[in-house]
Amino acid sequence: MTNKEDGSRPFYICSCFTTDNIFLQDYKLHVRFSSEQQFRLDYQPLLRRLGCVTEQQFEDVLDKISQEVDRRRRLSETSAERAVAIKDMYQPLHPHVYHLQESFLAPKFKQIVEYCRSSNISEEGLGDMLEEEAAAKVYRFPLFEKGFCEELVEELEHFEQSSAPKGRPNTMNHYGILLNELGFDECFLTPLRELYLHPLTSLLYPDCGGRCLDSHKAFVVKYDMNEDLDLSYHYDNAEVTLNVSLGKDFTEGNLYFGDMRQVPLSEMECSEVQHRVTEGLLHRGQHMHGALPIASGQRWNLIVWMRASQERNKLCPMCNRRPTLVEGEGFADGFTTHSDAPLKTSCVMT
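Residues numbered from 1 in each chain as written. Predicted model: local features only at pLDDT ≥ 70, side-chain atom pairs only at ≥ 80, totals over all residues. Heavy atoms only, no water.

With respect to the nonpolar core
Here is step 1 of the chain: If you look at the biggest cluster of nonpolar residues, it comprises 53 residues, and the most contacted ones within it are F109, F144, L242 and L246.
Here is step 2 of the chain: The leading source of residues in this core is helix α8 (residues 185-204), at seven residues. (Core = buried A, V, L, I, M, F, W, Y, C linked by side-chain atoms within 4.5 Å. Buried < 20%, exposed > 50% of the residue type's maximum accessible area, 1.4 Å probe, protein only. Helix = DSSP H or I, 4+ residues; strand = E, 2+ residues; numbered from the N terminus.)

Considerations on the side chain of H94
Here is step 1 of the chain: Tracing the chain through its elements places H94 in the loop between α3 (75-89) and α4 (107-117).
Here is step 2 of the chain: With sequence-adjacent residues up to four places away left out, H94 is seen in contact with E151, E154 and E155. (Contact = heavy atoms within 4.5 Å.)

Topic: helix α1 (residues 36-49)
Each full turn of the α-helix corresponds to 3.6 residues, which orients residues three or four apart in the same direction.
Here is step 1 of the chain: Helix length check: α1 (14 residues) gives 19 Å between terminal C-alpha atoms against 20 Å at 1.5 Å per residue, within 8%.
Here is step 2 of the chain: The sharpest bend along α1 measures roughly 50 degrees and falls at Y43, with the proline P45 sitting one to four residues further on.
Here is step 3 of the chain: The set of residues buried in α1 consists of Q38, F39, Y43, Q44 and L47.
Here is step 4 of the chain: Packed against the buried residues of α1 are β2 (22-24), β3 (29-31) and α2 (55-73).
Here is step 5 of the chain: The positive-phi residue at the C-terminal boundary of α1 is G51, with phi of around 110 degrees. (Expected span 1.5 Å × (residues − 1). Bend = angle between axes of the 7 residues up to and from the residue.)

Some remarks on empty space enclosed by the protein
Here is step 1 of the chain: As enumerated under the stated definition, the model contains one cavity of 30 Å³ or more in all.
Here is step 2 of the chain: Put simply, the largest cavity is a space of about 40 Å³.
Here is step 3 of the chain: Lining the largest cavity are I86, F159, K166, G167, G176, I177, L178, E181 and L182.
Here is step 4 of the chain: Looking at the lining of the largest cavity, the elements that each hand over two or more residues are β6 (176-178) and α7 (179-182).
Here is step 5 of the chain: Ranked by the residues each element gives to the lining of the largest cavity, the list is headed by β6, at three residues.
Here is step 6 of the chain: Looking at side-chain class alone, the lining of the largest cavity contains five nonpolar, two polar and two charged residues. (1 Å grid on protein atoms, 1.4 Å probe; cavity = no way out; pocket = protein on both sides within 12 Å on 5 of 7 lines; lining within 4 Å. Points joined across faces, edges and corners; volume = space filled by probe spheres on them. Nonpolar A, V, L, I, M, F, W, Y, C, P; charged D, E, K, R; others polar.)

Looking at the environment of K110
Here is step 1 of the chain: Following the sequence through the fold, K110 ends up in helix α4.
Here is step 2 of the chain: In sequence terms K110 and L143 are 33 residues apart; their C-alpha atoms lie 8.4 Å from each other.
Here is step 3 of the chain: When sequence neighbours within four positions are dropped, the list of residues in contact with K110 reads E102 and L105.

Here's the deal with α4
Here is step 1 of the chain: Restricting attention to buried positions, one finds in α4 the residues F109, I112, V113 and C116. Viewed along the axis of α4, the buried residues span an arc of 95 degrees, placing them on a single side of the element.
Here is step 2 of the chain: Looking at the packing, one finds that the buried side of α4 touches α5 (123-129), β5 (139-142) and α8. (Arc of directions from axis to C-beta.)

As for the pattern of salt bridges
Here is step 1 of the chain: Under the defined criterion, the tally for this structure stands at 23 salt bridges.
Here is step 2 of the chain: A salt bridge links R168 to E68; the nearest nitrogen and oxygen atoms lie 3.0 Å apart. Taken together, the residues R168 in the loop between α6 (146-161) and β6 and E68 in helix α2 connect sequence positions 100 residues apart.
Here is step 3 of the chain: You can call E68 buried: its relative accessible area is 5%.
Here is step 4 of the chain: We note a salt bridge from D333 to R307, for which the minimum N-O separation is 3.4 Å. (Salt bridge = Lys/Arg side-chain N within 4 Å of Asp/Glu carboxyl O.)

What follows is the structure, given as structure tokens:
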């Protein structure tokens with residue numbers, strides 16, 4: 001997926017990407033950094049309460065932030081370089097998994113999609129086919145066949161063990177794979193979003209962009225006893241998120257959901273949601289959530305952040321300001337100029 005060379009409309013990032021929502025793992029804290037003076041004023045007292053007491057500890061925080069800001073500034077360039085290198089040097093183990101096929105999809109999911117495409121649809125009828133969780137507007141359904149999940153995980157492990165360059169998904173997940181760099185966007189993820197997920201999101205989330213999703217960012221995350229065990233409480237840079245459990249064998253590690261991020265933390269109550277292999281969870285991107293620690297084994301999750309430029313062009317979901325656009329690669333962060341009309345970009349299904 002390219003940004004302009006193939007004639008497709010360009011997507012952009014918001015300038016806040018380099019300054020906002022920087023996650024400090026040691027203190028489980030998201031921060032904004034525009035200057036050292038601003039950062040000291042805004043966060044030094046809070047960091048002291050969280051255990052960042054000495055000046056050396058504070059300098060270590062500043063150093064980590066500086067590295068992250070630099071990484072974000074160079075991200076478009078380095079990501080494009082990695083994608084070229086991967087295409088040149090990586091030999092897939094299962095080439096067919098890069099092209100979405102109907103046989104990959106669970107029969108129940110195809111039945112749900114067909115219902116959503118029909119003329120007699122109703123929200124009540126769809127609700128009868130989905131498993132709605134205790135958390136509001138969180139829906140569970142079987143998505144993939146188990147055999148496909150196993151082959152996809154084998155492909156991801158094969159790539160992980162290769163010498164090809166790799167980029168981490170975000171500041172919160174240290175172990176995982178950016179699927180656009182690996183070549184999954186054009187013939188797997190875009191058709192999945194446009195042909196299969198769009199009928200559901202149009203009915204389930206019409207009030208937050210579900211009818212006009214036109215881009216995405218997709219990645220896999222890995223939880224392992226010797227690596228990342230859990231995921232802190234957060235919201236996504238998305239209008240609607242799909243989270244699919246791919247495997248392997250693990251215990252515990254349930255997801256938990258609070259309320260929308262606009263609700264004060266002190267007023268939130270969390271609900272646990274069990275995540276079962278082959279099943280997908282759909283939820284609003286601004287719905288606060290996290291993942292509890294796994295107790296054993298290893299878990300791989302497919303995450304698709306789906307974006308609606310018509311929504312985010314008005315207000316950036318990460319900084320709550322009108323976005324200031326900066327050019328990016330591929331789908332970037334899903335922003336467009338307001339004159340852009342939606343464009344279909346998927347390749348032919350096989």
